[in-house]
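# Summary of structural features
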Amino acid sequence: MKRSNLTPLIRVENLSFDYDKKGPSLIHNISFSLNEGEVTLLMGASGSGKSTVSLCLNGLYPEAVEGYSEGNIYFRGQEISQFEKGELNQQIGIVFQDPESQFCMVTVENELAFTMENIQTPREEMASKMDDVLEAVGLTDLKERPIHELSGGQKQKVALASVLLLEPELLILDEPTANLDPVSSLEFVELVNQLQKDRGMAVFIIEHQLDDWISFTDRVLALSREGELFADGSPDHVFQKYEKRLVSEGVHLPKDIQSSSLHPATRTTDDLGGETVSIQNLDFKRKKKTILSEVNFSLYQKEFVAIVGENGAGKSTLLQVMAGILTPNKGNITFLNQPLKQWGEQSLRQKMGFVFQNPEHQFITDTVYDELAFGMKLNGTPEQEMKEKIDELLRHFQLQNHLWSNPFSLSGGQKRRLSVATMLDETPELLLFDEPTFGQDAKTTEELMSMVLELKNKGTTIVFVTHDMDLVDQYCERTFVLNKGKVAFQGSPDELWKKEEVLVEARLRLPYRIRKQRTEAGEVYDLVR
Ligand SMILES: Nc1ncnc2c1ncn2[C@@H]1O[C@H](COP(=O)(O)OP(=O)(O)OP(=O)(O)O)[C@@H](O)[C@H]1O
Ligand SMILES: Nc1ncnc2c1ncn2[C@@H]1O[C@H](COP(=O)(O)OP(=O)(O)OP(=O)(O)O)[C@@H](O)[C@H]1O
């Protein structure tokens, strides 16, 4: 999709940025333009500085942090420091990586009304604009709901709706689909594509998973681990010319290029051990609203199970009920043959690890080191052994340079890795992970999965809530599909891929491997999208 007569909307000249003045700068002397009506995608390893770049573009950084920057950024030819405070917020709309940081009001409709009041939308237009945008992002039914009661994916849609109301000239999306279910994610990409065409705005996307975006991306930029921009061109040009470099940087390539490495898990259920968890007739309600009902299943040692389903289906709730964080209204849960409610808090935490959907909900100390040491100290791990374990975890999770960083100042992907690493210090009986791989590049995903598999082989039962169907295909023995709080399917991923009705109902897509197989066999089916 080539566009002629491109006018620069943003021009970045020799930008360098750092959060402190020790060592080489994080972003190092980069220059690029974002043109009117152009869709540009920024690639780079987790922690390379992508979010930082995006926050510099509308002048939020370095003002909002203790940061140092050099170089210039121009918006329509005018240096951004010359704009009044907040003046660029409407022209340059950002959907942040963590949508929770974006909200000011309690309910969905108040949040959207607040945005419109800020930009002085005429009162008589507010109601119809709100309805249009809610329909566009599929949130009409949740208009009156408090935002804190929404699921992760639902919150992400509210953040997008709010930014769309600004009708920005440049829309910046920082991993906007990370929490969306597979069909919502695709619909979101299609929605952005459509809006971009209708409104002609420029779009700047930061994303690890490129596949759905790439067909309407005009330009790709790639940032190295050293903070240098090493590629800038059309997707074809960049992937051809820089393929090796991109692989060594550890970023995900579009699957059409790297498909040979996609393979299904060897799904052996022969050597599973004893039962770890048993759930019978479980119901869970919030304020009389049924969230989970009639849930029944067992989990076994050495088993890797994925829980999948649409946004709001009840996946995180189920995980929290299994972890004893929420108490069911009905039914029985046994963990290692003992009723869950009879377990003492400390012994339960030793045998069971839990990674929250939002890593920030998990951090309790001020440094990465203390975060990793916390559980080990509780378990009485000797000092030397603890140091060795921490070193190993830092290395595996690419956090070596962040030992004394505050967990809250890490990049999105680094926070996620830290939250996972804190659960891998021992060999627990059960590990419950809520979307552990979101926001990871190819290299860190691989490291994370290999550590998880190591524990599985030692006997740990692994449960992942995930929206990543390729990961389900590649690693899991069993999948549970949750649909409106009920288990709509239990079985191997291979069986699931044949159940088109279940997939459609639960807004799931087929993994890339199966889509490719079916396309090559000339099959026509809805889920090929
Ligand atoms: N407020 C902050 N204070 C100090 N360091 C920070 C802060 N925000 C980010 N960093 C550091 O800057 C580096 C780049 O972070 P950034 O969020 O820009 O990376 P990213 O490429 O977007 O990563 P990801 O793909 O994981 O989201 C990281 O090493 C991070 O730890
Ligand atoms: N604190 C809360 N109070 C009231 N309702 C809630 C609360 N948290 C979640 N819900 C509702 O419970 C339902 C299930 O939410 P849950 O977070 O378990 O879904 P999920 O399947 O994990 O979704 P996602 O994929 O978007 O993370 C949703 O309809 C959600 O709006």
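Predicted model, so just to flag it, every value in this text is computed and none were measured.

## Comments concerning the overall build of the chain
Each helix and strand in the chain was counted, giving 19 helices and 20 strands. For the chain, with 529 residues in total, the buried portion stands at 44%. Excluding contacts between residues fewer than 6 apart, the proportion of contacts in the chain whose partners are at least 24 apart in sequence is 71%.

## Examining the site of ligand 1
What surrounds ligand 1 is a group of 21 residues, the closest being S46, S51, T52, S411 and G413. Residue assignment for the shell around ligand 1 shows that the elements contributing at least two residues are α1 (50-57) and α14 (412-421). Within the shell around ligand 1, the residues separate by chemical class into four nonpolar, 16 polar and one charged.

## Considerations on the sheet that holds strand β16 (residues 352-355)
An order of β16-β17-β18-β13-β19-β20 is seen for the six strands of this open sheet, with the pairing classed as mixed. Where the open sheet ends on each side, the last strands, each with one partner, are β16 and β20 (486-491). Averaged over all neighbouring strand pairs, the angle between strand axes comes to 15°, with direction disregarded. Here β16 runs beside strand β17 (residues 430-434); their pairing, made up of four bridges, is parallel. From the neighbouring strand, G353 faces β17, where its bridge partner is L431.

## Focus: the sheet that holds strand β1 (residues 8-18)
Judged by pairing direction, the sheet is antiparallel, and its four strands sit side by side in the order β2-β1-β4-β5 without closing on themselves. The sheet is open, and its two borders are formed by β2 (27-35) and β5 (78-79), each paired with just one other strand. Seen against the sheet, α1 touches β1, β2 and β4 (68-75) and runs at an angle of roughly 125° to β1.

## Some thoughts on α1
Here α1 lies mainly inside the structure; eight of its eight residues are buried. Within the span of α1, buried status applies to K50, S51, T52, V53, S54, L55, C56 and L57. Positive phi shows up at G59, right after α1, with a value of about 80°.

## A look at the pairing of strand β9 (residues 219-223)
Of all the five residues making up β9, five are buried; the element is thus mostly covered by neighbouring parts of the structure. The alternating pattern of β9 places R219, L221 and L223 and V220 and A222 on opposite faces, both of which are buried. Both strand β3 (residues 39-44) and β9 contribute to a ladder of five bridges, which runs parallel. The residue bridging T40 from the neighbouring strand is R219, located in β9. Pairing geometry for β9 and strand β10 (residues 229-233), over four bridges, is antiparallel. Paired with L223 across the strands is L229, a residue of β10.

## Examining the site of ligand 2
The full set close to ligand 2 counts 19 residues, and S151, G153, N311, S316 and T317 are the nearest of them. At the level of elements, α5 (152-164) and α10 (315-322) are the ones that each hand at least two residues to the shell around ligand 2. When the residues that make up the shell around ligand 2 are grouped by side-chain class, the tally is three nonpolar, 12 polar and four charged.

## What to know about the confidence of the model for the chain
For the chain, per-residue confidence averages 90 on the pLDDT scale, and residues scoring 70 or more make up 96% of the total. In the predicted assembly, ipTM is 0.95 and pTM is 0.90.

## Thoughts on the environment of T290
Tracing the chain through its elements places T290 in strand β12 (residues 289-300). Residue classification places T290 among the partly exposed residues on the basis of 15 C-beta atoms within 10 Å. Taking C-alpha positions, T290 is 26 Å from K499, a pair spaced 209 residues apart along the chain.

## Some remarks on the environment of N193
By the secondary structure assignment, N193 is in helix α6 (residues 182-199). Placed 24 residues apart in sequence, N193 and T217 show a C-alpha to C-alpha distance of 9.3 Å.

## Comments concerning the packing of helix α3 (residues 108-118) against helix α4 (residues 123-137)
Where α3 meets α4, the closest approach of the two axes is 11 Å, and the angle between their N-to-C directions is 120°. Taken together, α3 and α4 sit at an angle that is classed as oblique. Where α3 crosses over α4, the two elements pack in a sense that is right-handed. Here E109, L112, A113 and M116 of α3 lie close against α4, whose contacting residues are M126, K129, M130 and V133. Looking at the contact of α3 with α4, its residues break down into six nonpolar, no polar and two charged.

## Section: unusual backbone geometry
For E167, which is not a glycine, the phi torsion comes out positive at approximately 50°. Counting through the fold element by element, E167 comes out in the loop between α5 and β7 (170-174).

## Focus: the UniProt feature "domain: ABC transporter" (unreviewed entry) in the chain
UniProt's entry tags residues 10-251 and 277-509 with the feature "domain: ABC transporter" (unreviewed entry), counted in the numbering of this structure. Helix makes up 36% of residues 277-509 and strand 26%, and the two end C-alpha atoms of the span are 28 Å apart.

## Remarks on helix α15 (residues 442-458)
Its 17 residues place the ends of α15 25 Å apart at the C-alpha level, agreeing with the 24 Å of an ideal helix rising 1.5 Å per residue. Looking only at α15, the buried set comprises T444, T445, L448 and V452. End-on view of α15: buried residues confined to an arc of 105°, all on one side of the axis. Looking at α15, the residues exposed on the side facing more than 90 degrees away from the buried face are S450, N457 and K458. For α15, the elements touching its buried residues are α14 and β18 (461-465). Within two residues after α15, G459 carries a phi angle of roughly 125°, on the positive side.

## Observations concerning the domain arrangement of the chain
Domain assignment breaks the chain into domain 1 (8-257) and domain 2 (275-361 + 427-528). Placing the centre of domain 1 and that of domain 2 at their C-alpha centroids yields a distance of 30 Å. Each partner contributes residues to the interface: domain 1 has 22 residues there, and domain 2 has 19 residues. Looking at the side of domain 1 that touches domain 2, the elements with two or more residues in it are α5 and α6. When residues of the side of domain 1 that touches domain 2 are assigned to their parent elements, the largest contribution, five residues, is made by α6. Class assignment for the residues of the side of domain 1 that touches domain 2 results in seven nonpolar, 11 polar and four charged.

Rules used throughout
- Residues numbered from 1 in each chain as written.
- Chains lettered and ligands numbered in written order.
- Predicted model: local features only at pLDDT ≥ 70, side-chain atom pairs only at ≥ 80, totals over all residues.
- Helix = DSSP H or I, 4+ residues; strand = E, 2+ residues; numbered from the N terminus.
- Buried ≥ 20, exposed ≤ 12 C-beta atoms within 10 Å, placed from the backbone.
- Contact = placed C-beta atoms within 7 Å.
- Near = placed C-beta within 6 Å.
- Nonpolar A, V, L, I, M, F, W, Y, C, P; charged D, E, K, R; others polar.
- Pairing = 2+ DSSP bridges.
- Axes fitted to C-alpha atoms, helices over the stretch in contact; angles between N-to-C directions.
- pLDDT = per-residue confidence, 0-100.
- Parallel < 35°, antiparallel > 145°, perpendicular 65-115°, else oblique.
- Left-handed = near helix turned anticlockwise from the far one by under 90°.
- UniProt positions renumbered as here; feature names shortened; annotations may be inferred.
- Expected span 1.5 Å × (residues − 1).
- Arc of directions from axis to C-beta.
- Domains from an automatic or database assignment.

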